[in-house]
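# Survey of secondary and tertiary structure
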2 protein chains.
Amino acid sequence: MPKESTPVVGVTLDRYDRQILDILQRHGRINNQELAERIGLSPSPCLRRVRALEDSGLITGYRALVDAKRLGHSLTALLHISMDRHTPERFANFEAKVAALPQVQECLLITGQEADYQLKVVVHDMDDYQNLLLNQITRIEGVTGAHSSFVLRRVLEHRPVPSYSDAPY
Amino acid sequence: MPKESTPVVGVTLDRYDRQILDILQRHGRINNQELAERIGLSPSPCLRRVRALEDSGLITGYRALVDAKRLGHSLTALLHISMDRHTPERFANFEAKVAALPQVQECLLITGQEADYQLKVVVHDMDDYQNLLLNQITRIEGVTGAHSSFVLRRVLEHRPVPSYSDAPY
DNA sequence: TTATTTTTTAGCATATAATGCCAATCTAAC
DNA sequence: GTTAGATTGGCATTATATGCTAAAAAATAA
């Protein structure tokens, strides 16, 4: 085990792996040759490491980012949802209904007395939002409350998860 | 303009473009040949369209997704921050300070009386969180309040932005 | 420290994919 | 229908990914 390696849950990363993760989180479609150059390895071991990170499940996928506003979705909202009862059935049903709504970008189960879920939704305009909220979301069984915040500006988004080396231990 | 096209702010998309956007948002590293097959075009026009979507700014980038938990970040929190004054200087300073913290995955300026910003942060454990909150974030000039929610489970994440055709108009 | 084992690498050959070009096809307007 | 413009498919070329092997590096044991 190299001295610079980082033992984590089932994975051991050295500085090459950390660099790969960092670069791919910023430039997900970089080709293997340039990635290899940037981390200071030749292409073949570099590719082997990328494949290993994918196979290990540490890299879970790749996504293109699109400009939602330019696609016509000018409104992004955070929706905090409260449920009446905290039973697995209630939750499972809610989650299935929400998963069927393409406007829902994200759904997190969270702690807190004010809400059980936070949804992030994108819609065309306020009319669409009202329709989504009143006709879709609040009609899901068990939903007792909904509180909306609107995103005025996206200051930071899609930032890389820190490598362990960023942490102060 | 083809009959199936979708006029948006400065962009006109037909079904091929919409399919490309949808597929690349799910499989950001798919190769051009397979992408071309899936949308029913030959590779060369397919690639030309992808480049056009990138050049137009509709596709803003690509990201690898990593499993934060397996990287040692077992705690994800949503942090709602209130500011004393809503001046550009206050905001700019806060945003710069927050951008320097690698644990901050996302920072959104939002509406609402309870908070001005929502941060999404990932940390190793509750000790780290406490340290981040008390020693870093609440010490930023102008921060008057912070309220934390913790993410219990990620139900949905990184979903594709709906193509316009998903909308009911 | 030195010898031995194990792991990882670089380089090359081969397979696969991306890119640029052009004739043919399709679309939209007249 | 006819024409003008845009888009496509196929091909040649260039670039990249992948698999293999010998060499190098790292880890382990003596």
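Scroll up a little and you will see the structure.
First, a word on scope: everything that follows refers to the structure included in this document. Owing to the predicted nature of the structure, the values given are computational and were not obtained by experimental measurement.

## As for the protein's contact with DNA strand C
Not every one of the 16 residues close to DNA strand C is listed here, only the nearest: Ser42(A), Arg48(A), Arg49(A), Asn32(B) and Arg51(B). Sugar plus phosphate: this is where 76% of the atoms of DNA strand C within 4 Å of the protein reside. Between DNA strand C and Arg49(A), the relevant distance is 2.5 Å, taken from a phosphate oxygen to a side-chain nitrogen or oxygen of the residue. Arg51(B) places a side-chain nitrogen or oxygen 2.5 Å from a phosphate oxygen of DNA strand C. Counting residues per element, the ones that place at least two in the surface near DNA strand C are helix H3 (43-55) of chain A together with helix H2 (32-39) and helix H3 (43-55) of chain B. Counting residues per element, the surface near DNA strand C draws most heavily on H3(A), which supplies 4 residues.

## A short note on the packing of aromatic side chains
Residue and element names in this part refer to chain A. Tallied over the full model, the rule gives 6 aromatic pairs over all chains. A ring pair is formed by Phe-94 and Tyr-117, whose centres lie 4.5 Å apart and whose planes are at 25°; its orientation type is stacked. With Phe-94 in helix H4 (residues 88-99) and Tyr-117 in strand S6 (residues 117-123), this pair connects stretches of sequence that are 23 residues apart. Taken together, the ring pairs connect Phe-91, Phe-94 and Tyr-117 into an aromatic cluster.

## So, the interface of chain A and chain B
Contact residues are listed per partner, giving 73 residues for chain A and 73 residues for chain B. For the pair chain A and chain B, the summed buried area comes to about 6,900 Å², and 54% of that belongs to carbon and sulfur atoms. For chain A, the biggest contributors to the area lost against chain B are Arg29(A), Arg63(A) and Arg70(A); these three give 13% of the whole. Our count for the chain A to chain B interface comes out at 4 salt bridges. Glu95(A) is paired through a salt bridge with Arg153(B); the nearest N and O atoms lie 2.6 Å apart.

So, how was this worked out
- Residues numbered from 1 in each chain as written.
- Chains lettered and ligands numbered in written order.
- Predicted model: local features only at pLDDT ≥ 70, side-chain atom pairs only at ≥ 80, totals over all residues.
- Heavy atoms only, no water.
- Near = heavy atom within 4 Å.
- Polar contact = N/O pair within 3.5 Å; in protein donor to acceptor, adjacent residues only side chain to side chain.
- Helix = DSSP H or I, 4+ residues; strand = E, 2+ residues; numbered from the N terminus.
- Phe/Tyr/Trp six-rings, centres within 6.5 Å; stacked < 30°, edge-to-face > 60°.
- Contact = heavy atoms within 4.5 Å.
- Buried area = accessible area lost by both parts, 1.4 Å probe.
- Salt bridge = Lys/Arg side-chain N within 4 Å of Asp/Glu carboxyl O.

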